[in-house]
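The residues making up each chain are set out below.
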Amino acid sequence: MAGLRRLRDGLPSRRHFLQHGFAAVAALIAVACSPSRPRSHRATTSVPATRALGTPPGVTRIDAGPVEQVRATIASRRAPSYLPQARGYVSAFPADLAERARGLYPTEVLPVLAEGLIVLHHGCPHLGCRVPFCTSSQWFECPCHAAKFDRIGEYRAGPAPRGMTLYGASIQNGRLVIDAGATFPGMPLGTNTTRQSAEGPACVGP
């Protein structure tokens, strides 16, 4: 009996056992519910310090295709070519007027003007609405507040403070390459390089 009593006295009491058991369960629950440490992610693509007007992260240069093909597409459709990845248009520019544009347009866009092209951001300088091209008037016409711009993005009417924003671009190995990291304010009010009037009914009134 004495040996059994010593053995029983050496064992933990039931209350003591339950207290430790509950403590262990509580600790496990706390660990399971605690927020995990976020994993470190290494960027696979570097983001440029400056990025043009909402172009996708990592995009700085956009290959718009062979220059001859771009010109042919614009001529056949009688409308600028829209590039979703640039959020802009490639439109025709009268190459014989490129010299007249010297001193007015940024020097970064002059080589492309001489090739008969101009690249424009699709946002209206007024409040940023996307400006569609109206095939009947052959002007860009903003559906938000009726600002209008001619085929090369120069201001013609409405509340916009200037012409459409320009993208830098160049010709490389016969291909049109748009620099999405380089944008320039559109031409000031009163600029009228091509003297292009509306060629038909407007898509947006008045």
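One can find the structure itself at the top, above this paragraph.
Here the structure is a predicted model, which is why all the values come from computation and not from measurement.

Asks: I'm lost on the environment of Glu-154 in this one. Help?
Replies: Here Glu-154 is to be found in the loop between strand E7 (148-149) and strand E8 (155-157). Judged by its relative accessible area of 1%, Glu-154 falls in the buried class. Sequence spacing of Glu-154 and Met-187 is 33 residues, and the spatial spacing of their C-alpha atoms is 6.1 Å. Ignoring anything within four residues of it in the chain, the contact list for Glu-154 reads Tyr-105, Lys-148, Phe-149, Met-187, Thr-191, Asn-192, Thr-193 and Thr-194. Among the polar contacts listed, one links the side chain of Glu-154 to the side chain of Tyr-105, at a separation of 2.6 Å.

Asks: Help me out: how do you make sense of the sheet that holds strand E6 (residues 139-141) in this one?
Replies: One key point about sheets: their strands pair by backbone hydrogen bonds, in either a parallel or an antiparallel sense. If you trace the four strands from one edge of the open sheet to the other, you get E5-E6-E7-E8, paired in antiparallel fashion. The sheet terminates laterally at strand E5 (133-134) and E8, the two strands that pair on one side only. Bridge analysis of E6 against E7 gives two bridges, and the strand direction is antiparallel. Bridge pairing in E7 places Phe-140 opposite Phe-149.

Asks: Please clarify how helix H3 (residues 67-77) should be interpreted in this entry.
Replies: A turn of α-helix holds 3.6 residues, and therefore any two residues three or four places apart point the same way. Residues of H3 that are buried include every one of Val-67, Val-70 and Ile-74, and no others. End-on, the buried residues of H3 take up no more than an arc of 65°, which puts them together on one face. Across from the buried face of H3, at angles greater than 90 degrees, the exposed residues are Glu-68, Gln-69, Ala-75 and Ser-76. Contacts made by the buried residues of H3 are with strand E1 (61-66), strand E2 (81-83), strand E3 (88-92), strand E4 (117-121), strand E9 (166-172) and strand E10 (175-184). Backbone geometry just after H3 places Arg-78 at a positive phi near 55°.

Asks: Got a minute to help me understand the side chain of Gln-196 in this structure?
Replies: With respect to the helices and strands, Gln-196 occurs in the segment after E10. Overall, the relative accessible area of 9% leaves Gln-196 in the buried class. Separated by 2.9 Å, the side chain of Gln-196 and the backbone oxygen of Gln-138 make a polar contact. Contact partners of Gln-196, with chain neighbours within four places excluded, come to Ser-137, Gln-138, Trp-139, Asp-150, Arg-151 and Arg-156.

Asks: Where do I start with the environment of Gly-65 in this structure?
Replies: Along the polypeptide, Gly-65 turns up in strand E1. Exposure remark for Gly-65: the relative accessible area of 8% places this residue in the buried category. Along the chain, Gly-65 and Gly-174 lie 109 residues apart, while their C-alpha atoms are 8.5 Å from each other. Excluding anything up to four places from it in sequence, Gly-65 contacts Val-70, Gly-174, Arg-175 and Leu-176.

Asks: Please clarify how unusual backbone geometry should be interpreted in this entry.
Replies: Note: most peptide bonds trans; most residues except glycine with negative phi. Although it is not a glycine, Arg-87 sits at a positive phi angle of roughly 50°. In this fold, Arg-87 is placed in the loop between E2 and E3. Of note in the backbone geometry, Ala-146 takes a positive phi value of approximately 65° without being a glycine. Structurally, Ala-146 can be placed in the loop between E6 and E7.

Asks: So what exactly am I meant to see when it comes to the nonpolar core here?
Replies: Note that soluble globular proteins tend to have their nonpolar side chains buried in a common cluster. Phe-93, Tyr-105, Leu-113, Ile-118, Phe-140 and Phe-149 are the most contacted members of the largest nonpolar core, which has 27 residues in total. With sequence-adjacent residues up to four places away left out, Leu-113 is seen in contact with Phe-93, Ala-95, Ala-98, Ala-101, Tyr-105 and Ile-118. Counting residues in hydrophobic clusters, the runner-up holds 16 residues, among them Val-67, Val-70, Val-112 and Tyr-167.

About the thresholds
- Residues numbered from 1 in each chain as written.
- Predicted model: local features only at pLDDT ≥ 70, side-chain atom pairs only at ≥ 80, totals over all residues.
- Heavy atoms only, no water.
- Helix = DSSP H or I, 4+ residues; strand = E, 2+ residues; numbered from the N terminus.
- Buried < 20%, exposed > 50% of the residue type's maximum accessible area, 1.4 Å probe, protein only.
- Contact = heavy atoms within 4.5 Å.
- Polar contact = N/O pair within 3.5 Å; in protein donor to acceptor, adjacent residues only side chain to side chain.
- Pairing = 2+ DSSP bridges.
- Arc of directions from axis to C-beta.
- Core = buried A, V, L, I, M, F, W, Y, C linked by side-chain atoms within 4.5 Å.

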